[in-house]
Every structure is written in C-alpha cells, then in structure tokens.
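# A look at the structure
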Amino acid sequence: MADGTDQKSSNQMWGGRFASGPSAIMEEINASIGFDKKLYAQDIRGSMAHAAMLASKGIISPEDKDKITEGLNTILSEIESGSFEFSRKLEDIHMNIEARLATLIGPAAGRLHTARSRNDQVALDFRLWVKEELQKAEGMLTALIAAFLDRAEENADTVMPGFTHLQTAQPVTFGHHCMAYVEMFGRDRARVRHAIEHMDESPIGAAALAGTGYPIDRHMTAKALGFREPTRNSIDTVSDRDFALEFLSIASICATHLSRLAEEIVIWSTPQFGFIRLSDAFSTGSSIMPQKKNPDAAELVRAKTGRINGSLIALLTVMKGLPLAYSKDMQEDKEQVFDAAESLELAIAAMTGMIRDLEVRKDRMRAAAGSGYSTATDLADWLVREAGLPFRDAHHVTGNAVALAEKKGCDLADLSLEELQAIHPGINKGVFDVLSVEASVASRTSFGGTAPSEVKKQIAWWRGRN
Ligand code: ARG
C-alpha cells in the first residue's frame, strides 16, 4: 500500500520496502516478544513521555497526544489483565504495542514514532527496567545487612574459632564474623547505588543513531521519566549496554559473596561443626535417611552464582565484537539480565531468611574455639610483652609449648606452670590470663579487630548508615 500501513504479506512497519514476509525460521530467530514483553510498562511509560514532549513542541497535535495516551492506558490494562494478545509476527514489545495502538486509535498511532527509533526506544525501556531492578536490589541488600546487624549485636561476645585455610587460626566472635558479611554486602550496595547514578541518563531522542531534525526536547523527556539528564552522544546511546553489564558484574560479585556465605552455612550446619541449626523453613529432609536436615537453600544460593556469572560472560561476549552503533546482536542482552535478576533476588531473599532464622549454637562454637591451640599467638604475644622476647623467638618457644600440649593431648591452658617454665624460664602465672579464648578475643582491640568492644563500635557505625 502506498502508505505502507497495511501490507499483510510483509510487515506493517516497513512493508513499503518488502515484497514478502519472513520465512518461519527468520521469524523465530528474530522475535523477542517471548521475553521482552517484560518491558511493557517501561515501553508504555516511555511512549507517553515521548508523546507529551512531541505535543508540547508542536510536533504532534494535542488531540493526537490525548488519543495516544488514552490508547496506551487501554493497552496497559489489557496487558495487566491478561487479555492482550501478543503476536510473534510483530517481533517485539515495541511493535506489538504500536500495532495494537493503531487498531485502537487509528492513524494517530502512526505519529507516535515521530523522532524516535526502536533503537533508542529499546535502550530506554531496558535502562528503565535495569534501574528499577537496581533500586529493588538496593532495598533487598539493606534488609540482608539489617539481618546481619541483628545477629552481630546478639553475638558480639559469642566466641568461635576464626579460620585461615579452614584451619583453626585465632578465636574471634561470631558477631565479628557476621560483620565481615556486612562489609561485603555494604560494598555491593554501594556498587548498586553508584550504578544507579552512573546510568541515570535518558536515551530517548537519540533516534536510530544520529539524533533527529525534529525540534525535540530531550531534557523534558529525561525529566518526565525520572532521569537526571539526557545522554550526550546519540551513537553511544543506541550502542551502549554498559548499564546491563554493570548490573551483571555487580550481581556476579554479590552472588560470589552470597555463595561464600552459603558455603559457610553448609559447613557450619554439618553435625561435625554444628555451629548453627537452620530453621525448618530453610532446610529439607531426606526421603530415605530420617536423621537428615539438608541445607538446600544454601546450596541453591551457591549454585545460582553459576548462572549469574554465566550471564555476565554471555553478555560481555555478545558485545565484544560489535561495531557502533546498534546491531541486532544486542537483542540478546535481555534474557541474561532477566535471568540474573531473578536469580539474584531469590538468592538474597533466601539468604536473608536463613540469617534471620538460624539458631547459633554458642556452646559448640565456644568448644571449637578452644581447640586447635587457637591462643598460641596470644602466648607468643605475651612472651614479647612480658618476657621481652623478640617475636620470632617467642614464636619458637610457643611452638615448643604447642608440641608439648599435643604430646600430652591437652590444651595450652592445661599445661602446668612448671611445664611452661621448663620451656622458657621467663614465663609466670600471669600467662594464664591470656590463654583463655575470652581473654584472647577481648585483647584484640585494634580498630576493626574482634574484641566485643570494637565489634559493637562497627555495628553502631553501620546502623547509622543503613
Ligand atoms: N527487539 C529489538 C531489541 O531488543 C528492538 C530494537 C530493534 N531495532 C532494530 N533496528 N531492528 O534490540
């Protein structure tokens, strides 16, 4: 047809140039509606802002703008009520909505795409979606941090073994250990906040890649859509997916933290460690072994990391060879982000639940903290402080004491004063004050150290920032 709007055999949007429709395979590889329908709300919001701007600049009439807005509102409720019929022939969410708008309001629908391309349209919709997802992640991380702060407060004095190489190293407090995760998730949240700032620029108006000759007002659409300002380079705007890559890299780092925590939960909840008991709500039983309580939620959090990291690598690989500006390859950006977002949300929520609910077995932690000669460093430090030994000599003397205790099958604190003096004559009974795990922990008052007094200061610092 002369106006190119009614070419059943080819395409409603570009039928003027095409004599026949796509092959079935072409349609299948080309269509994104199966997943980008998730962007319907952002697409409608973006179109409304664009139409309002076009009208305010006199590019379309106020009557057409009203018709467009009304039609888009109808489409929004059709999609939300489930009555909207998505068509794969119409490729993606943008064309599905525009085609429906044409059915609803007639020729005015055709004016909506003035001064716009699907290239800036999809960049806008996707950016809005990712921004909202980041805002959601920020809130979820805040809830996880709050859960940890509560557990840290309750356990500022709970002594447990600290590990290096998963070998008992020095006694620490469970509160201190919890605060290590607060630091990690705090950094994740800071990365999320920074990414929101970073991406807070509106793509709409970049058009296909070169901008447009229509007298549009990109600052107006940016403001209407809640962006700080419009993007500054139209070529970059339609070819940039950094905001998606940043989301995925933040998600990957965060998932890595969640996975390390999940691993600790798995270890701690074994009968051998027995440091924690997971609530029934976050564990499962075995169909054959009645005694089992399995940490499935933690294991699945650990596994989700694989999917999230995979999404990052997938999108990096999609983008790495693309010449400027838009290429259809970029359509492959969305599923990665959608999948990673779903996995990340689930993982944070499950972890928050596990942390809130878990039972801390203080007796088991205390018993383990005392074993494995965890106060050997305290003995060495005492020898430096009280007997004037150089640290390297003190280390050697302490090694002899550990060897003796090992031979006798007892703890360092169980050696007699005589036995200790036989190893080094400078030792006196004051040494027993530092051989207990409580004394060891209480003595570590350096900034950021494990002493309960320090841990409480760090909790207060974070509470002020949550
Ligand atoms: N569905 C497309 C995507 O997700 C929309 C943009 C299409 N642009 C184009 N020039 N074919 O990337």
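Everything quoted here is computed from the prediction, not taken from an experiment.

## A short note on the overall build of the protein
- Across its full length, the protein holds 18 helices and six strands.
- Taking 466 residues into account, the globule formula puts the C-alpha radius of gyration at 23 Å, and the protein, at 31 Å, lies well above it.
- For the protein, the spread of C-alpha atoms along the principal axes amounts to about 105 × 50 × 35 Å.
- Buried positions account for 49% of the 466 residues belonging to the protein.
- A fraction of 74% describes how many contacts in the protein between residues 6 or more apart in sequence connect residues 24 or more apart.

## Brief notes about the pairing of strand 1 (residues 159-164)
- Pairing of strand 1 with strand 2 (residues 167-173) involves five bridges; the strand directions are antiparallel. The residue bridging Met-160 from the neighbouring strand is Val-172, located in strand 2.
- Between strand 1 and strand 2, which pair antiparallel in sequence order, lie two residues; one of them, His-165, sits at a positive phi of approximately 60°.

## Some words on the side chain of Ser-252
- Note that Ser-252 resides in helix 10 (residues 242-268).
- Given a relative accessible area of 6%, Ser-252 falls into the buried group.
- Here Asn-309 takes part through its side chain, which lies 3.3 Å from a polar atom of the side chain of Ser-252.
- Beyond its immediate chain neighbours, meaning those up to four positions away, Ser-252 contacts Ile-308, Asn-309 and Leu-312.

## Concerning helix 10
- Compared with the 39 Å implied by 1.5 Å per residue over 27 residues, the 38 Å span of helix 10 between its first and last C-alpha is a close match.
- Most of helix 10 is tucked away: 20 of the 27 residues are buried.

## So, the site of the ligand
- The environment of the ligand is formed by Ser-32, Asp-36, Asp-92, His-94, Arg-118, Asn-119, Val-122, Tyr-326, Gln-331 and Lys-334.
- Between the ligand and Asp-92, the relevant distance is 3.0 Å, taken from a nitrogen atom to a side-chain nitrogen or oxygen of the residue.
- In the environment of the ligand, an oxygen atom lies 2.7 Å from a nitrogen or oxygen atom belonging to the side chain of Lys-334.
- Coverage of the ligand by the protein amounts to 87% of the 350 Å² it exposes when considered alone.
- Of the residues forming the shell around the ligand, the biggest block, three residues, is contributed by helix 6 (residues 118-154).
- Of the residues that constitute the shell around the ligand, the class distribution is two nonpolar, four polar and four charged.

The rules behind these values
- Residues numbered from 1 in each chain as written.
- Predicted model: local features only at pLDDT ≥ 70, side-chain atom pairs only at ≥ 80, totals over all residues.
- Heavy atoms only, no water.
- Helix = DSSP H or I, 4+ residues; strand = E, 2+ residues; numbered from the N terminus.
- Rg over C-alpha atoms; globule rule 2.2 N^0.38 Å.
- Buried < 20%, exposed > 50% of the residue type's maximum accessible area, 1.4 Å probe, protein only.
- Contact = heavy atoms within 4.5 Å.
- Pairing = 2+ DSSP bridges.
- Polar contact = N/O pair within 3.5 Å; in protein donor to acceptor, adjacent residues only side chain to side chain.
- Expected span 1.5 Å × (residues − 1).
- Near = heavy atom within 4 Å.
- Areas by Shrake-Rupley, 256 points an atom, 1.4 Å probe, with all protein chains shown as cover.
- Nonpolar A, V, L, I, M, F, W, Y, C, P; charged D, E, K, R; others polar.

Take it as geometry only, folks, not as evidence of what the structure does.
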